[in-house]
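# Observations on chain architecture
Below are the chains, spelled out letter by letter.
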Number of protein chains: 2
Amino acid sequence: VTRQPAQSGEDALIAALAARLSVPRHTRLAIGDDAAAIALPGGELLLVTTDMLMEGVHFRTEWADPASLGWKALAQNVSDIAAMGGTPTHAVIALALPAGWAAERCAGVYDGLREMAEVAHVDVVGGDTIRSVGPLTLSITVLGRVAEGEMLTRAGARPGDAIYVTGTLGRAAAGLRLLQNGRPVPLDLGAAVEAQHRPQPRLAAGRALARSGVVSAMMDLSDGLATDLHRLCRASGVGAVVERGRLPVDPVVIAACDWLAMAGATPDPVDLALTGGEDFELLFTAPPDAEETLRVAIGDLPITCVGRITAGADVVLVGITGVAPLPWGFTHF
Amino acid sequence: VTRQPAQSGEDALIAALAARLSVPRHTRLAIGDDAAAIALPGGELLLVTTDMLMEGVHFRTEWADPASLGWKALAQNVSDIAAMGGTPTHAVIALALPAGWAAERCAGVYDGLREMAEVAHVDVVGGDTIRSVGPLTLSITVLGRVAEGEMLTRAGARPGDAIYVTGTLGRAAAGLRLLQNGRPVPLDLGAAVEAQHRPQPRLAAGRALARSGVVSAMMDLSDGLATDLHRLCRASGVGAVVERGRLPVDPVVIAACDWLAMAGATPDPVDLALTGGEDFELLFTAPPDAEETLRVAIGDLPITCVGRITAGADVVLVGITGVAPLPWGFTHF
């Protein structure tokens, strides 16, 4: 885990490796967005996304039961399809199970996968199961569909567009801090732990925003606003101003930070909301006069304008103490 | 690595885990064949296959250069599409690179992936690259297409059908034994090492056999005839008789065994051909009067009849010393 000012090591590595692969032919969108898109007969696009999760890199089994691991691994791929405005349809799941794991724990992972598959209406059509000589590793590929004219990508944000997020931020990160703290978590902070273990991909919101016709760019918040907004801006060739005071920090995040402060830790609620990641909310942009259209499209789910897209390449955070570059947040490298 | 008489541990685990997942809805073929099949608009089927490979389970970096690892990982997924009679089109690649690997070695893996992608005309459209805290792990998903009426599966073999394999058997296993031996490999045995490092999926043969209209069941030989014929017979609800004397043991396998015998090892060429695996030849069945049609369809590639399908469930090997159950061969569990 490192913090880097300009570009994460993971993004740089992916870019370098992508350059070594062949140029796609019948492909609309390849490496670099939440999912790839392939033209199907009849005007639809096939969406494909894949993620690999490894114990000790992305999760620890001390903090998560097997069923939550299965749920979350599939949920983050489903979220990638939601981020394109698509509908997930099928999944294939490769699983390396540590040799020491009992059958019951292995089955628990599959139970969590099945629960998420049912929630997302995804058919698990295949997979590969091996005995791991290393850590528990899950690699999931999810397929989805979207009408050609409705697909949303990270590119397309224009200067002047408003920047929105769905829901609230920081819950999953607060949940992780509570688990790391090790002490029994008070009942009223359970929502944070639940958000860390069982994230809810924004499928209906993603579809509604794609159909609204006013969204210019969209992605999901897997690594935190501080990292993901940089990615959206880079893909769109724009900059951004984020207003610290507008961030929809979840109330449970503030309560969790208060409780953790009593335990001697000092996480900051706004830091968790900005850099914590794993909220799997949607980050999207739209012209400033489209807010009413957005609210009608999305229904009950709250959306919050957190800033605006600017010309140039700078991504900055505005707070009561002034303006500063938004630090590129948490990455896995 | 174990040998089991009735069913491999891997197959049993996959069956148990598959039972925990949801019943597919718009899916033609799910867990249990070389690939899953999903109906597309316009009468075509989308094929999906996934495989996970882990250092220390499926390969050792002492014996294979990074480019060969990349090539082989993609080739075995491409072979699964060939086994359905399909054409591969796209791939997504998840890669966990050990923290200690230099950029050059990482790039080598991608170079091998690209070379295989070019040979198979596959677009690599996405992926996920992480730093591994354990062994090198590759998880690849390949998509392909096949006309609905042309898809071949493991089910469909009928009593009386002849059993065929393409090409020759045992080369990849002989190559592995040579590498394990550790001494410099004589030049005239290089084809065995090449077969172990750079397997050639039988794409053209798979398509030709699917179009021939006479093949009743097909799969690829990834784990060796002794294991894979059991799987085909189970899927078809039939038995089989294999004639030991008819197995197309590659001449280089016999030469490699002779050389290894001088070095004190005693592998048997027929054993390697039966149980060694990784040949990625096609195993298929057809009525006994269809051989001329098959030979015309497949062109220059040799095919060999190695036995016949029987009623019942027994899979037996006939040799000069009599008849014995064909042992369920090498598995990863």
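Just above, that's the structure.
Quick look at the structure, then. What you are looking at is a predicted structure, and each value in this text was computed from that prediction instead of being measured.

Quick notes on the rules
Residues numbered from 1 in each chain as written. Chains lettered and ligands numbered in written order. Predicted model: local features only at pLDDT ≥ 70, side-chain atom pairs only at ≥ 80, totals over all residues. Heavy atoms only, no water. Helix = DSSP H or I, 4+ residues; strand = E, 2+ residues; numbered from the N terminus. Expected span 1.5 Å × (residues − 1). Buried < 20%, exposed > 50% of the residue type's maximum accessible area, 1.4 Å probe, protein only. Arc of directions from axis to C-beta. Contact = heavy atoms within 4.5 Å. Polar contact = N/O pair within 3.5 Å; in protein donor to acceptor, adjacent residues only side chain to side chain. Pairing = 2+ DSSP bridges. Axes fitted to C-alpha atoms, helices over the stretch in contact; angles between N-to-C directions. Parallel < 35°, antiparallel > 145°, perpendicular 65-115°, else oblique. Left-handed = near helix turned anticlockwise from the far one by under 90°.

### Structural notes on helix α8 (residues 251-262) of chain A
All names here are of chain A.
- Here α8 is 12 residues long and its end C-alpha atoms lie 17 Å apart, about the 16 Å a rise of 1.5 Å per residue gives.
- Buried residues of α8: Val252, Val253, Ala256, Cys257, Trp259 and Leu260, and no others. Around the axis of α8, the buried residues are gathered within 165 degrees of arc, so they sit on the same side. Away from its buried face, by an angle of more than 90 degrees, α8 presents the exposed residues Pro251, Asp258 and Met262.
- Looking at the buried residues of α8, the elements they touch are α4 (171-181), α5 (190-197) and α9 (269-275).

### Looking at the side chain of glutamate 281 of chain A
All names here are of chain A.
- Of note, glutamate 281 is situated in the loop between α9 and β10 (282-286).
- At 2.8 Å, the side chain of glutamate 281 forms a polar contact with the side chain of arginine 202.
- Those residues in contact with glutamate 281 that sit more than four places away from it in its chain are Thr166, Gly167, Thr168, Leu169, Arg202, Met219, Asp220 and Leu221.

### A word on the sheet that holds strand β8 (residues 217-220) of chain B
Residues and elements named next belong to chain B.
- With respect to topology, 7 strands assemble into an open sheet ordered β8-β10-β7-β11-β9-β12-β13, the strand pairing being mixed. In this open sheet, the two edge strands, each paired with only one partner strand, are β8 and β13 (322-325). Within this sheet the neighbouring strands show an average axis-to-axis angle of 25 degrees, counted without direction.
- Judged from the 5 bridges that link them, strand β7 (residues 162-166) and strand β11 (residues 303-310) form a sheet pairing that is antiparallel.

### Here's the deal with the packing of helix α2 (residues 66-83) of chain B against helix α3 (residues 103-119) of chain B
Residues and elements named next belong to chain B.
- Remark: α2 packs on α3, axes separated minimally by 6 Å, with the N-to-C direction vectors making an angle of 40 degrees. Relative to α3, the element α2 is oriented oblique. As for how α2 packs across α3, the hand of that crossing is right-handed. For the pair formed by α2 and α3, the contact residues are Pro66, Ala67, Gly70, Trp71, Leu74 and Ala75 on the first element and Arg105, Gly108, Val109, Gly112, Leu113, Glu115, Met116, Ala117 and Val119 on the second.

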